[in-house]
Amino acid sequence: MKLFNNVLVKGLISLSLLAGLSTPAFSKTQKTYSKYSAKNAVQHIFFKDHFYKNKLNAHLIKVDLNNPIVNIDVALAYNNTNRKERVSKMASRVGAVAAINGSFFHSRSSIDSPVGLLMVDGTVLSDSGHRRTSLGFTDDKKVIIGIPKVKNFAIIPELGVNLKLNGINQIRGKHHITAYTSYFGPRTKTKGKGREIIVDRDGRITGYKYNNAQIPTGGFVISIADANSTIAEKYPLGTQVYLDSVLGTPWNQVRTLITGSPQLVKNGKVYNTYFKEKLQHSLSHSATRTAVGVTHNNKLLMLTVSGKLSLTKLAQIMKRLGAKDALALDGGGSTDMYLKGKPVVTNYRPVTNALVVKLNNG
């Protein structure tokens, strides 16, 4: 049996009524689909607000992380880190009951790569090197919001060498060392000077290439921008290599992680880190927004707001909804929300990944 509960609140609701409430008491306007669940694993609330003269329409999905049937995951566009797809298609493919758009992303040279760190099931799938406010989930579904401390390495134990990586599944920068796995695609798409080390699924070096190496299934490629032909002598065929990520406390407890920015709420107070994180000016413009937060009693708040509003206003809304900590995800044309088989909010812009909610059927 599928377990799901959908609550839809229609009409104009003052946000002051939502302040401090774990579940808004709108008994006359609630519609509960009890045939799915009476446990309120997932709820949907619609409300209206305004920002100066701008009318705002907000959709909130509240997820009870204490409920054992709930699982949080990240879905990738076409199961790839550098492609784009509609949130509804990603959510439907992975069997999610709810989803919202995820990371900001770069679009360069036909590569659409997530900004910041992206981790699924304890493995770093993508890292652009940007250290921005991120959202992490532990195995026991505790939520961590902040700027993670992480370093990625290619470890060559036989030679006592640890190559620090500048990126994972991203466009290789000048003087950078970048790792590419099958999540990036069939080839590295690199250009210019440099050499690449090909590592098979058993973790052994099997060859070298100048650029655009084929990525072995289950293996990876280490692309070194400043390397030359001596690379074969430094790292001989058959040498063991593996990838490793070292995360600082408390991020070393996180299994799933997605990067947004800025942080909006910290310890129950508005805490806008836009200037602290030195974000680009365009992000400060009033736009349609996406935000995620967590309450003191471990309820996940997934919010989209359609209309023109500032990041500070978005932070105030998340605080009033009871968020202990919160951050913004990509917004504007990327803002998208999926619920129970259909889009709730959609701007028809494909994105690189989505934050999804799944329910165990038992």
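This text follows the structure it describes.
None of the values given here were measured: they were computed from a predicted structure. (Residues numbered from 1 in each chain as written. Predicted model: local features only at pLDDT ≥ 70, side-chain atom pairs only at ≥ 80, totals over all residues. Heavy atoms only, no water.)

Novice: How do you make sense of helix α1 (residues 87–94) when you look at a structure like this?
Specialist: Three or four residues apart is the spacing at which side chains of an α-helix point the same way, because the helix has 3.6 residues per turn. Inspection of α1 places Val-87, Ser-88, Met-90 and Ala-91 among the buried residues, and these make up the whole buried set. One side of α1 holds all its buried residues, which, seen down the axis, span an arc of 165°. Contacts made by the buried residues of α1 are with β3 (70–76), β4 (98–101), β25 (337–339), β26 (342–345) and β27 (353–359). At the exit of α1 stands Gly-95, carrying a positive phi of roughly 75°. (Buried < 20%, exposed > 50% of the residue type's maximum accessible area, 1.4 Å probe, protein only. Helix = DSSP H or I, 4+ residues; strand = E, 2+ residues; numbered from the N terminus. Arc of directions from axis to C-beta. Contact = heavy atoms within 4.5 Å.)

Novice: Help me understand unusual backbone geometry in this model?
Specialist: Apart from glycine, the bulk of residues carry a negative phi angle, and the bulk of peptide bonds sit in the trans form. A cis amide bond links Thr-249 with the next residue in sequence, Pro-250, at an omega value of 0°. With respect to the secondary-structure elements, Pro-250 resides in the loop between β18 (242–247) and β19 (254–259). With omega at 0°, the peptide bond leading from Ser-261 into Pro-262 counts as cis. The phi torsion at Asn-169 lies on the positive side, around 55°, for a residue other than glycine. Relative to the helices and strands, Asn-169 is located in the loop between β13 (167–168) and β14 (177–181). A residue is classified by how much of its surface remains accessible, and Asn-169, at 0% relative accessible area, is buried. Residue Ser-261 is not a glycine yet carries a positive backbone phi of 130°. Note that Ser-261 resides in the loop between β19 and β20 (263–266).

Novice: Please clarify how the packing of aromatic side chains should be interpreted in this entry.
Specialist: In this description, an aromatic ring pair is defined by two values, namely the gap between the centres and the angle between the planes. Taken as a whole and judged by the stated rule, the model has three aromatic pairs. Look at Phe-51 and Tyr-52: their rings are 4.7 Å apart centre to centre, the planes differ by 65°, and that puts the pair in the edge-to-face class. In this structure Tyr-52 comes out as exposed when scored by relative accessible area, which is 70%. On the basis of an interplanar angle of 80° and a centroid distance of 4.8 Å, the ring pair of Tyr-274 and Phe-275 is categorised as edge-to-face. Residue Phe-275 is classed as exposed on the basis of its relative accessible area, which comes to 71%. Sitting over the face of the ring of Tyr-78, Arg-83 holds its NZ or CZ atom 4.2 Å from the ring centroid. Lying across the ring of Tyr-210, Arg-195 places its NZ or CZ 4.3 Å from the centre. (Phe/Tyr/Trp six-rings, centres within 6.5 Å; stacked < 30°, edge-to-face > 60°. Lys NZ or Arg CZ within 6 Å of the ring centre and 35° of its normal.)

Novice: Whenever I open this one, the environment of His-50 confuses me. Can you help?
Specialist: By the element assignment, His-50 lies in strand β1 (residues 42–51). Classification of His-50 by relative accessible area gives partly exposed; the value is 49%. The sequence separation of His-50 and Lys-313 amounts to 263 residues, and the corresponding C-alpha distance is 9.6 Å. His-50 has contacts with Leu-56 and Lys-313, leaving out every residue within four places of it along the chain.

Novice: Is there a simple way to think about the nonpolar core in this case?
Specialist: Generally speaking, soluble globular proteins have nonpolar side chains that are buried together. Core analysis: the biggest nonpolar cluster contains 33 residues, and Val-42, Val-63, Val-70, Ile-72, Leu-135 and Val-357 have the highest contact counts within it. The element best represented in this core is β3, accounting for four residues. What Ile-72 contacts, discounting residues up to four positions off in sequence, is Val-63, Leu-65, Phe-137, Thr-256, Leu-300, Leu-355, Val-356 and Val-357. Of all hydrophobic cores here, the second largest spans 26 residues; its members include Ala-154, Tyr-235, Leu-247 and Leu-257. (Core = buried A, V, L, I, M, F, W, Y, C linked by side-chain atoms within 4.5 Å.)

Novice: Is there a simple way to explain the pairing of strand β6 (residues 111–114) in this structure?
Specialist: Where burial is concerned, the two faces of β6 agree: the one with Ile-111 and Ser-113 and the one with Asp-112 and Pro-114 are both buried. Bridging between strand β5 (residues 105–108) and β6 involves four bridges; their strand directions are antiparallel. Note on β6: the bridge partner recorded for Ser-107 is Asp-112. Between the antiparallel neighbours β5 and β6 lie two residues, among them Ser-109 with a positive phi of about 50°. (Pairing = 2+ DSSP bridges.)

Novice: It is not clear to me how the pattern of salt bridges should be interpreted in this structure. Could you clarify?
Specialist: Any two side chains of opposite charge can pair, so long as their charged atoms come close to each other. This structure, assessed with the given rule, holds 10 salt bridges. Across the salt bridge formed by Asp-121 and Arg-255, the nearest N and O atoms sit 3.1 Å from each other. Here the residue Asp-121 occupies a position in the loop between β7 (117–120) and β8 (123–127), and Arg-255 occupies one in strand β19, the gap between them amounting to 134 residues. Judged by relative accessible area, Asp-121 falls into the exposed class, the value being 54%. When the shortest N-O distance is used, the salt bridge between Lys-324 and Asp-325 registers 2.6 Å. The class of Lys-324 is partly exposed, set by a relative accessible area of 22%. Looking at Asp-325, the relative accessible area reads 8%, which means it is buried. (Salt bridge = Lys/Arg side-chain N within 4 Å of Asp/Glu carboxyl O.)

Novice: Which parts of the structure should I look at to understand helix α3 (residues 311–320)?
Specialist: Listed as buried for α3 are Leu-311, Lys-313, Leu-314, Ala-315, Ile-317 and Met-318. Phi turns positive, to about 100°, at Gly-322, one or two residues after α3.

Novice: Would you take a moment to explain the pairing of strand β23 (residues 299–309) for this structure?
Specialist: Two faces, one strand: in a regular strand the side chains alternate between the faces of the sheet. Of all 11 residues in β23, eight are buried; the element is thus mostly enclosed. Judged from the eight bridges that link them, strand β2 (residues 54–64) and β23 form a sheet pairing that is antiparallel. Of the residues in β23, the one forming a bridge with Val-63 is Leu-300. With seven bridges joining them, strand β22 (residues 287–295) and β23 adopt antiparallel strand pairing. What sits directly across from Val-294, in β23, is Leu-300. Where β22 folds back onto β23 in an antiparallel hairpin, the turn is made up of three residues, including Asn-298, whose phi is positive at roughly 65°.

Don't take any of this as a statement about function, it's just geometry.
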